[in-house]
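Given next are the chains, with one letter for each unit.
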2 protein chains.
Amino acid sequence: MADTVVRPIDHTEHSDARIDVSVVNDALLGTWADIRREAREMIKDPAFWRIEGQPMTEHRERTLAQLDLLVQHGASMRAYPKEYGGIANQGGNLAGFQELVLADPSLQIKSGVQWGLFASAILQLGTKTHHDRWLRDAGEMRLPGAFAMTETGHGSDVQAIGTTATYDPQTEEFVIHTPFRGAWKDYLGNAALHGRAATVFAQLITGGVNYGVHCFFVPIRDENGEFLPGVGGEDDGPKGGLNGIDNGRLHFDNVRIPRDHLLNRYGDVAPDGTYSSPIASPGRRFFTMLGALVQGRVSLDGAATWGSALGLYIAITYGNQRRQFDNGAGETVLLDYGRHQRRLLPLLATTYAQAFAHDELLQKFDSVFSGANDTEESRQDLETLAAGLKALSTWHALDSLQECREACGGSGFLAENRIVGLRSDLDVYVTFEGDNNVLLQLVGKRLLGDYAKQFKGKQPAELAALVAGQTAGRLFHGAGLRRLGQAVADLGSTARSVELGLRGKDQHQLLADRVQAMVADVAGRLRAGAKMGPAEASDLFNENQNDLIEAARAHAELLQWEAFTDALERIEDAGTKQVLTWLRDLFGLGLIEKHLAWHIINGRLSTQRAAAVTRYIDRLCARRRPHAPDPVDAFGYEPEHVRAPIAAGAEQARQDEAAQYYATLAATGKAPKKEPKPPKR
Amino acid sequence: MADTVVRPIDHTEHSDARIDVSVVNDALLGTWADIRREAREMIKDPAFWRIEGQPMTEHRERTLAQLDLLVQHGASMRAYPKEYGGIANQGGNLAGFQELVLADPSLQIKSGVQWGLFASAILQLGTKTHHDRWLRDAGEMRLPGAFAMTETGHGSDVQAIGTTATYDPQTEEFVIHTPFRGAWKDYLGNAALHGRAATVFAQLITGGVNYGVHCFFVPIRDENGEFLPGVGGEDDGPKGGLNGIDNGRLHFDNVRIPRDHLLNRYGDVAPDGTYSSPIASPGRRFFTMLGALVQGRVSLDGAATWGSALGLYIAITYGNQRRQFDNGAGETVLLDYGRHQRRLLPLLATTYAQAFAHDELLQKFDSVFSGANDTEESRQDLETLAAGLKALSTWHALDSLQECREACGGSGFLAENRIVGLRSDLDVYVTFEGDNNVLLQLVGKRLLGDYAKQFKGKQPAELAALVAGQTAGRLFHGAGLRRLGQAVADLGSTARSVELGLRGKDQHQLLADRVQAMVADVAGRLRAGAKMGPAEASDLFNENQNDLIEAARAHAELLQWEAFTDALERIEDAGTKQVLTWLRDLFGLGLIEKHLAWHIINGRLSTQRAAAVTRYIDRLCARRRPHAPDPVDAFGYEPEHVRAPIAAGAEQARQDEAAQYYATLAATGKAPKKEPKPPKR
């Protein structure tokens with residue numbers, strides 16, 4: 001491979017290896033492939049499809065009706081315990097819901113509001129009495145509900161919400177109250193129209209003490225859909241997407257609810273007003289409650305990945321048929337243009353990496369929430385992983401859908417070809433269930449914590465060894481996230497044996513090393529903060545915030561790369577393995593190219609090898625080109641999932657018709673002649 | 001300045017310099033500030049405003065009615081010759097139209113279809129008989145029209161369209177015909193509903209010879225809005241944005257039009273069918289006709305810039321009021337976060353660069369189309385400049401609006417806050433009036449041509465000197481685009497005197513040098529193509545296409561940088577000049593950071609200096625922070641232009657109310673106490 005830079009591209013190399021589409025489809029669909037296939041079969045029914053251009057009011061009613069359809073198909077309560085009608089399949093439940101993004105993202109998210117947030121709050125934060133009373137009704141849509149956490153004034157900082165729930169021991173009730181406009185609950189699905197109740201997060205106050213944010217079950221509308229006394233609200237109106245969901249605002253004017261409407265798994269109030277909790281630390285209690293709702297982020301990671309995949313299926317299928325500009329040997333197929341390859345194929349590689357990383361995330365989620373491995377540590381790992389992957393995949397969805405839309409030109413802008421609708425709907429994924437920047441900061445803080453931990457209680461000599469040695473990587477990445485030590489440790493030798501220095505193990509070393517160095521760098525700069533006052537320390541942190549977030553992004557990229565590589569190792573078919581290795585290389589080298597300056601500045605790549613990265617990516621794109629349809633076919637989408645006319649043969653039919661017309665015209669001898677060249681002046 | 005890397009940020013430095021908002025406003029509004037202000041005054045009338053969430057059908061009718069309003073305000077025909085009711089102000093006309101983007105991009109683009117494309121084709125491609133017959137009616141909306149160039153099968157490659165216009169000397173008519181589905185005219189504004197006529201581009205065939213693409217005036221609908229015999233079409237339906245415009249398709253079944261409906265400025269057919277043209281070369285004739293319609297691209301560059309500015313006004317105003325997370329000294333204002341600064345301020349700097357570059361483009365447009373400097377060379381320069389700037393600014397609009405939307409969180413996703421709507425509408429700007437990638441390739445080819453020209457007719461010794469010497473820059477950038485020679489020539493000395501090496505002149509050298517090296521590099525690699533067959537040569541080109549497009553992008557970035565720098569030199573107020581210089585540095589260093597690896601790999605920056613680029617940008621962001629409201633205030637937007645509640649004080653009012661509530665509560669002594677810390681385990 002040392003010759004890649006100097007040897008011109010060998011065009012015969014292409015045909016060597018092909019993937020086995022069904023093998024790859026199995027790998028991509030992952031652990032819960034059966035439930036994914038079941039969901040895809042179900043949504044072949046046009047009743048589930050988004051109607052492009054449908055006005056908001058009708059779209060909202062249609063989406064509500066689709067939730068009833070899900071109930072009829074038994075697709076709403078897979079996560080429920082068996083005694084409440086479910087099958088207690090945590091991973092499978094999320095896998096099934098994600099696939100709804102293909103039908104209509106509004107449907108996916110409205111389901112998520114009803115079952116992933118509202119019912120899930122009852123299940124995860126409530127206890128048996130709550131489950132008995134509300135789970136079935138919520139599961140079967142007799143009780144549509146809103147999840148009332150975010151306020152107009154506080155989104156990312158949930159701990160600072162203003163809504164209060166003050167306990168009145170006289171009547172054994174909580175008084176739910178909104179003290180000012182900024183404390184209105186906002187952006188809540190099901191709040192504008194359909195919600196009959198809400199799980200309301202509020203500051204729990206009893207005996208004059210604020211015990212922090214807890215969740216309460218609050219009825220909000222009567223049988224006729226009218227607000228109950230003391231409850232008010234308004235419609236959020238049209239949004240940038242997801243207009244099948246009735247997002248709205250809620251506020252409460254001293255609304256009284258019985259004491260047992262507190263969802264009391266992690267904190268309870270006795271009739272006399274005494275507070276008790278199984279978790280003594282207020283901070284840990286708060287994060288435990290929020291962590292119980294991590295499934296939203298897990299879901300979005302998968303849905304964003306499969307949404308990107310659909311966009312790429314459409315754009316790449318079209319790019320393999322559409323022709324533009326005659327190169328002297330006929331019109332060129334778009335995907336034969338170097339630029340077009342460069343635009344789409346790296347995005348495809350990233351989508352693959354995400355699909356594999358998501359399945360690992362889903363397994364981790366399943367093992368925690370099924371109880372198979374439910375420890376505080378595994379929960380923290382899950383939250384960190386979900387935060388990092390959700391941030392990257394939701395941003396990637398917007399980037400890739402936009403590139404797909406542009407790659408389809410004017411056709412891409414028509415709603416019928418679906419890409420613009422998907423992009424609009426997925427836009428909000430990057431800020432809901434946690435703003436991506438805030439999520440990455442959370443990951444960054446975890447990395448800083450892990451980094452600090454390795455120094456804790458160590459003797460100076462051990463510390464020096466740690467700081468000097470590459471093996472720090474082993475300790476640094478924390479339990480539960482994949483350990484880097486192994487690969488890093490043996491790279492000293494492999495680096496010499498791979499001439500080009502850009503093979504899998506080299507990619508891993510470069511990516512892993514970068515995470516470690518960036519975290520160490522930020523940690524070093526933040527150390528001075530320990531001796532500062534809060535304002536100064538906060539300034540110092542803010543100056544380093546961007547770098548910390550970039551470190552967290554690098555970490556999540558590494559995890560995706562590792563997941564892709566692990567998936568490769570499970571593939572047995574040689575051709576498939578070869579093609580997927582190229583795709584993995586495209587992903588890995590793409591990450592390295594993106595941060596190329598960093599690798600050079602920090603002495604990880606010589607300028608010569610750095611220059612080879614770009615050339616090698618160009619080569620991989622050209623090599624991948626003839627295989628382009630296979631990897632998108634491996635997503636397993638059927639016509640009822642795609643629905644975009646330009647990816648359903650309409651373009652090919654037009655090309656054929658035009659070619660036939662010109663051929664016939666030429667055969668008749670009636671074709672107009674070309675204008676003669678003007679005489680030279 | 002050599003200390004920027006090691007010295008912590010000096011927070012007192014901020015307050016030194018402030019901009020004079022009105023001085024900057026004048027500079028940004030540019031040469032036709034008066035007409036821009038007149039247009040902004042006009043669109044304060046709510047009748048011009050987009051109604052968020054309005055269904056497509058009503059939105060289309062509203063936009064049509066707004067065009068009548070423009071006529072009533074005398075805002076439709078500024079570009080017309082005086083004898084047809086205009087004021088023959090070419091630059092001012094485009095400046096005025098661009099401002100409509102603040103009211104509703106659908107209005108801006110529907111105006112563009114009617115007057116910038118349809119009427120403009122009559123004016124630019126037709127002759128007196130056509131002007132007399134149709135200009136006034138088109139100008140005053142008695143004759144709404146479509147501009148029928150693009151076909152479903154051919155967008156970027158207009159030369160290959162399939163529609164034919166065959167001359168019949170028997171009846172002295174042209175027969176307009178659509179031979180197959182791919183040749184349907186597509187994506188045409190005014191085609192689905194409102195157009196009564198169309199300027200149709202078709203292959204002109206007479207006497208059995210195809211003379212290439214020409215433009216014809218074709219009536220399409222009768223007084224009742226019904227298609228005329230032989231004309232058909234369909235609605236493009238809902239789109240990703242711009243749904244106030246009735247885009248649609250048209251096809252023609254042997255539709256006959258009189259001979260004099262050929263817009264015959266650049267090519268005519270005599271009654272007997274003899275073809276004649278003032279331009280002998282078919283290629284040059286084609287590009288001259290297309291070039292006459294360059295105003296669409298010029299307009300989009302300005303509209304995209306002012307649309308970005310509006311998004312940044314909203315997000316930065318909000319970021320200066322919104323608070324989140326308590327740092328121990330109260331909740332932090334978003335723009336105090338390092339990340340938030342990094343997200344928004346570089347985009348602001350780019351928007352400034354674009355505004356200044358656009359005014360230069362508009363001046364060039366005016367000088368060509370007013371006839372003041374209308375040569376083939378100046379037309380080519382104008383087209384190249386328009387192509388490069390339009391590509392960059394329309395992409396920037398999407399990037400910056402998306403970042404603004406995310407920076408406003410959930411509020412940013414609500415239609416009422418306008419960012420999502422702007423982004424959706426501007427989406428198609430990156431592919432219409434020329435796909436951005438195709439436009440940049442056009443710029444790249446021009447650069448290659450200029451590069452080759454300098455070698456033409458030179459003796460070997462001269463060539464060697466050219467290739468070796470920095471002064472190649474002087475010749476290379478071609479007439480009309482700013483010459484680089486001057487600044488490059490004297491940098492040998494200045495580079496030593498500026499310690500940090502990142503000042504204005506250094507930025508210029510780095511940016512200019514990169515363009516030149518990239519073009520030379522691609523040119524060198526393409527040289528082998530001269531000896532190849534068409535298919536092989538085409539493969540070689542495609543392998544280098546991505547690099548050529550990147551070179552073109554670098555060139556356009558350089559032009560924006562130069563325009564910003566030239567604008568700085570015209571500022572007299574010291575504080576303004578200082579702050580704008582920081583902003584220019586932020587723009588220039590941002591470009592250098594984006595391509596940092598290139599500068600290192602190619603020996604233009606040491607790794608040490610390269611590392612300083614990022615630190616210096618961080619420092620500039622922090623330094624710029626306190627001035628953030630000033631530069632967005634300088635856009636000169638008034639409440640009727642902004643309209644987004646979050647940028648109109650609603651957030652500040654909520655913050656104040658909440659603070660007041662907590663202060664009052666504390667004063668009464670009734671505030672709940674904090675939960676006591678749990679006993680240590």
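Residues numbered from 1 in each chain as written. Chains lettered and ligands numbered in written order. Predicted model: local features only at pLDDT ≥ 70, side-chain atom pairs only at ≥ 80, totals over all residues. Heavy atoms only, no water.

- The name that an unreviewed UniProt entry assigns to chain A is acyl-CoA oxidase, with the source organism given as Microbacterium sediminis.
- Its UniProt record, at the heading Sequence similarities (unreviewed entry), says of chain A: "Belongs to the acyl-CoA oxidase family."
- Its UniProt record gives chain A a comment under Subcellular location (unreviewed entry), which states: "Peroxisome". (UniProt positions renumbered as here; feature names shortened; annotations may be inferred.)

1. Comments concerning the relation of the copies chain A and chain B
- Mapping chain A onto chain B leaves a residual RMSD of 0.0 Å; the transformation is a rotation of 180° accompanied by 0.0 Å of translation along its axis. Considering both components of the superposition, the chain copies are consistent with a two-fold axis. Distance from the rotation axis, computed per C-alpha, reaches its smallest value in chain A at alanine 597 of chain A: 2.1 Å.
- Both copies contact each other with a shared surface, as 100% of the interface residues of chain A are interface residues in chain B too. (Least-squares fit on C-alpha atoms with pLDDT ≥ 70 in both. Contact = heavy atoms within 4.5 Å.)

2. Concerning the pattern of salt bridges
- If you walk through the whole model with that rule in mind, you get 88 salt bridges over all chains.
- The salt bridge partner of arginine 249 of chain A is glutamate 416 of chain B, with a shortest N-O separation of 3.9 Å. Of this pair, arginine 249 of chain A sits in strand S8 (residues 248-252) while glutamate 416 of chain B sits in the loop between helix H11 (409-413) and helix H12 (419-427), which puts the two residues in different chains.
- As a salt-bridge pair, lysine 185 of chain B and glutamate 151 of chain B come within 3.0 Å of each other at their nearest N and O atoms. On the criterion of sequence distance, the pair formed by lysine 185 of chain B in strand S4 (residues 185-188) and glutamate 151 of chain B in the loop between strand S1 (145-148) and strand S2 (164-168) is long-range, its members being 34 residues apart.
- Residue lysine 185 of chain B is classed as buried on the basis of its relative accessible area, which comes to 0%.
- Each of Arg342, Glu593, Arg615 and Asp618 of chain A together with Asp521, Arg525 and Asp547 of chain B takes part in salt bridges that share partners, so that together they form one network. (Salt bridge = Lys/Arg side-chain N within 4 Å of Asp/Glu carboxyl O. Helix = DSSP H or I, 4+ residues; strand = E, 2+ residues; numbered from the N terminus. Buried < 20%, exposed > 50% of the residue type's maximum accessible area, 1.4 Å probe, protein only.)

3. Considering the domain arrangement of chain A
All names here are of chain A.
- Partitioning chain A into domains gives domain 1 (149-281) and domain 2 (295-633).
- Each of domain 1 and domain 2 was reduced to a C-alpha centroid, and the two centroids are 38 Å apart.
- Every contact between the two is made by five residues of domain 1 and, on the other side, eight residues of domain 2.
- Taken over both partners, the interface formed by domain 1 and domain 2 buries close to 410 Å², and the fraction arising from carbon and sulfur atoms is 53%. (Domains from an automatic or database assignment. Buried area = accessible area lost by both parts, 1.4 Å probe.)

4. Regarding the sheet that holds strand S7 (residues 231-235) of chain B
All names here are of chain B.
- The strand order across the open sheet built from three strands is S4-S8-S7, with neighbouring strands paired in antiparallel fashion. Only two strands of the sheet have a single neighbouring strand rather than two, namely S4 and S7. For this sheet the average axis-to-axis angle between neighbouring strands, irrespective of direction, equals 25°.
- Sheet analysis places S7 next to strand S8 (residues 248-252), joined by five bridges and oriented antiparallel. Of the residues in S8, the one forming a bridge with glutamate 234 is arginine 249. (Pairing = 2+ DSSP bridges. Axes fitted to C-alpha atoms, helices over the stretch in contact; angles between N-to-C directions.)

5. Description of the interface of chain A and chain B
- Listed by partner, the interface residues are 105 residues for chain A and 105 residues for chain B.
- Buried area between chain A and chain B, summed over both chains or domains, comes out near 8,300 Å², and the portion from carbon and sulfur atoms is 53%.
- By the criterion of area lost to chain B, the three top residues of chain A are Arg339, Phe413 and Glu675 of chain A, representing 10% of everything that side buries.
- Our count for the contact surface shared by chain A and chain B stands at ten salt bridges.
- Seen at the junction of chain A and chain B, the total is 59 residue pairs in polar contact (both at pLDDT 80 or more).
- With eleven residues, helix H19 (residues 534-569) of chain A is the largest single contributor of residues to the side of chain A that touches chain B.
- In the side of chain A that touches chain B, the residues fall into 38 nonpolar, 32 polar and 35 charged.
- The pairing of strand S14 (residues 673-674) of chain A with strand S6 (residues 209-219) of chain B spans two bridges and is classified as parallel. Paired with lysine 674 of chain A across the two strands is asparagine 210 of chain B, which belongs to S6 of chain B. (Polar contact = N/O pair within 3.5 Å; in protein donor to acceptor, adjacent residues only side chain to side chain. Nonpolar A, V, L, I, M, F, W, Y, C, P; charged D, E, K, R; others polar.)

6. With respect to the sheet that holds S8 of chain A
All names here are of chain A.
- Spatial strand order, S4-S8-S7: three strands in an open sheet with antiparallel pairing. At either margin of the open sheet sits one strand with a lone partner, and together these are strand S4 (185-188) and strand S7 (231-235). Across the sheet, the mean angle from the axis of one strand to that of its neighbour is 25°, orientation sign disregarded.
- In this sheet, S8 lies alongside S4 in antiparallel orientation, the contact comprising two bridges. In the sheet register, leucine 188 faces S8, and the bridge partner there is glycine 248.

7. Side note on the packing of aromatic side chains
Residue and element names in this part refer to chain A.
- Applying the stated rule across the entire model yields 42 aromatic pairs over all chains.
- Here the aromatic rings of tyrosine 352 and phenylalanine 356 are separated by 6.2 Å at their centres, their planes lie at 75°, and the arrangement is edge-to-face. Linking tyrosine 352 with phenylalanine 356, this pair stays in helix H9 (residues 338-369), spanning four residues, or about one helical turn.
- Residue phenylalanine 356 is classed as buried on the basis of its relative accessible area, which comes to 5%. (Phe/Tyr/Trp six-rings, centres within 6.5 Å; stacked < 30°, edge-to-face > 60°.)

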